[in-house]
Amino acid sequence: MTISAILEQNLSRVNERIAAACARAGRSADAVRLVAVTKSAGVEAIQALFELGVRDFGESRPQQIWDRRAALPEDVRWHLIGHLQTNKVRRTLPMISMVHSVDRASLAESLSAEMVRLDSSRKIPVTLETNVSGEESKQGYAPDQLRAEYSSVLTLPGIEIVGLMTMAPYEEEPENCRSTFRALRELRDELKREYSAGPSLDVLSMGMSNDFEVAIEEGATHVRVGTALFEGLPA
Ligand SMILES: *Cc1c(COP(=O)(O)O)cnc(C)c1O
């Protein structure tokens, strides 16, 4: 099979799984955006997926976006989903459409200041990464830290806080991720209630290859899927 045929099959399986999860949850299938996570994929595979209609691509390492974007069409929307060092903000910001992994005040401040410097009429959409599962290896705000710092992050002029993001611990049984996803949704609902004049926090970025169906049932609007899209390609 060609790269394109393998990707087409993978993509249609993923889209069917998304549609089925949406149907179970009584949600419309276009309520969920697929972000194709390219960290393990080559430029040729990314290009082939683009030609199959995917426009949203996610990278956990900024360097990968720097290196790959020139070889790809300009209307790729890059989502940064992993750790961003403050000293890489200036180079990375003009290349990306959204940051999912804002995990600390210093990064929020740096993104905001750089966005204002670049184009004060725009704001970069971000989600605040939250470690709801409490796993030590995970990045992100602890829920109480987010509650404490949320109002000050809201005042930053160059970022638009569109919602929250989390990563569930890997589970053999994806159903075991449900409590993590539910906790993120409930934290979002709480922040909306507490700050009713604040942003509507419509975005819940949660769910990966192993667990995105459960995430969708719990309200995910953005699923970040790598392995299920790129598996089976020749090495
Ligand atoms: C790698 C990664 C994903 C995609 O994981 P898969 O299991 O390959 O689908 C999603 N989100 C983040 C933050 C990642 O680093």
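For the structure itself, consult the block above.
Residues numbered from 1 in each chain as written. Predicted model: local features only at pLDDT ≥ 70, side-chain atom pairs only at ≥ 80, totals over all residues. Heavy atoms only, no water.

A.B. asks: Got a minute to help me understand the overall build of the protein in this structure?
C.D. replies: Within the protein, the secondary structure is distributed over nine helices and eight strands. A compact globule built from 235 residues would reach a C-alpha radius of gyration of about 18 Å, and the protein, at 17 Å, matches this within 12%. Viewed in the frame of its principal axes, the protein has a C-alpha envelope of about 55 × 40 × 30 Å. For the protein, the residues scored as buried account for 48% of the 235 residues in total. Accessible area for the protein stands at about 10,900 Å²; split by element, carbon and sulfur atoms hold 46% of it. (Helix = DSSP H or I, 4+ residues; strand = E, 2+ residues; numbered from the N terminus. Rg over C-alpha atoms; globule rule 2.2 N^0.38 Å. Buried < 20%, exposed > 50% of the residue type's maximum accessible area, 1.4 Å probe, protein only. Areas by Shrake-Rupley, 256 points an atom, 1.4 Å probe, with all protein chains shown as cover.)

A.B. asks: Help me understand the packing of helix α1 (residues 3-24) against helix α2 (residues 43-51), please; the structure alone is not making it clear to me.
C.D. replies: Two elements in contact, α1 and α2, have axes whose closest approach is 9 Å; the angle formed by their N-to-C orientations is 60°. By the criterion of interaxial angle, the relationship of α1 to α2 is oblique. In the crossing of α1 with α2, the sense of the turn from one axis to the other is right-handed. On α2, the residues that touch Ile3, Ser4, Leu7 and Leu11 of α1 are Glu44, Ala45, Ala48 and Leu49. (Axes fitted to C-alpha atoms, helices over the stretch in contact; angles between N-to-C directions. Parallel < 35°, antiparallel > 145°, perpendicular 65-115°, else oblique. Left-handed = near helix turned anticlockwise from the far one by under 90°. Contact = heavy atoms within 4.5 Å.)

A.B. asks: Just to check I follow, could you spell out the layout of surface pockets for this structure?
C.D. replies: Where empty space is left can be seen by rolling a probe of water-molecule size over the atoms. Estimated volume of the largest pocket: approximately 450 Å³. Around the largest pocket sit 24 residues that line it, and Val37, Lys39, Met167, Met208 and Arg224 are the ones nearest its centre. When grouped by side-chain class, the residues that make up the lining of the largest pocket number nine nonpolar, ten polar and five charged. (1 Å grid on protein atoms, 1.4 Å probe; cavity = no way out; pocket = protein on both sides within 12 Å on 5 of 7 lines; lining within 4 Å. Points joined across faces, edges and corners; volume = space filled by probe spheres on them. Nonpolar A, V, L, I, M, F, W, Y, C, P; charged D, E, K, R; others polar.)

A.B. asks: Help me understand the pairing of strand β5 (residues 124-129), please; the structure alone is not making it clear to me.
C.D. replies: A regular strand places its side chains on the two faces of the sheet in alternate fashion. Most of β5 is tucked away: five of the six residues are buried. Direction of pairing for β5 relative to strand β6 (residues 159-165): parallel, over a ladder of six bridges. In the sheet register, Ile124 faces β6, and the bridge partner there is Ile159. The β-α-β motif built from β5, the intervening helix α6 (residues 143-153) and the parallel element β6 has right-handed crossover chirality. (Pairing = 2+ DSSP bridges. Right-handed = clockwise from strand over helix to strand, strands pointing away.)

A.B. asks: I tried to follow the packing of aromatic side chains on my own but got confused; where do I start?
C.D. replies: To describe a pair of aromatic rings, you give the distance between the ring centres and the angle between the ring planes. Per the counting criterion, the structure on display carries two aromatic pairs. Ring centres of Phe57 and Trp78 lie 6.1 Å apart, and the angle between their planes is 50°; this geometry places the pair in the tilted category. With Phe57 in strand β2 (residues 56-59) and Trp78 in strand β3 (residues 77-80), the pair connects residues that are 21 residues apart, well separated along the chain. Each member of the pair, Phe57 as well as Trp78, carries the same accessibility label: buried. Here Tyr150 and Tyr195 contribute two aromatic rings whose centre-to-centre distance is 5.0 Å and whose plane-to-plane angle is 70°, an arrangement assigned as edge-to-face. In this pair, Tyr150 is assigned in helix α6 and Tyr195 in the loop between α7 (178-194) and β7 (203-205), connecting sequence segments 45 residues apart. (Phe/Tyr/Trp six-rings, centres within 6.5 Å; stacked < 30°, edge-to-face > 60°.)

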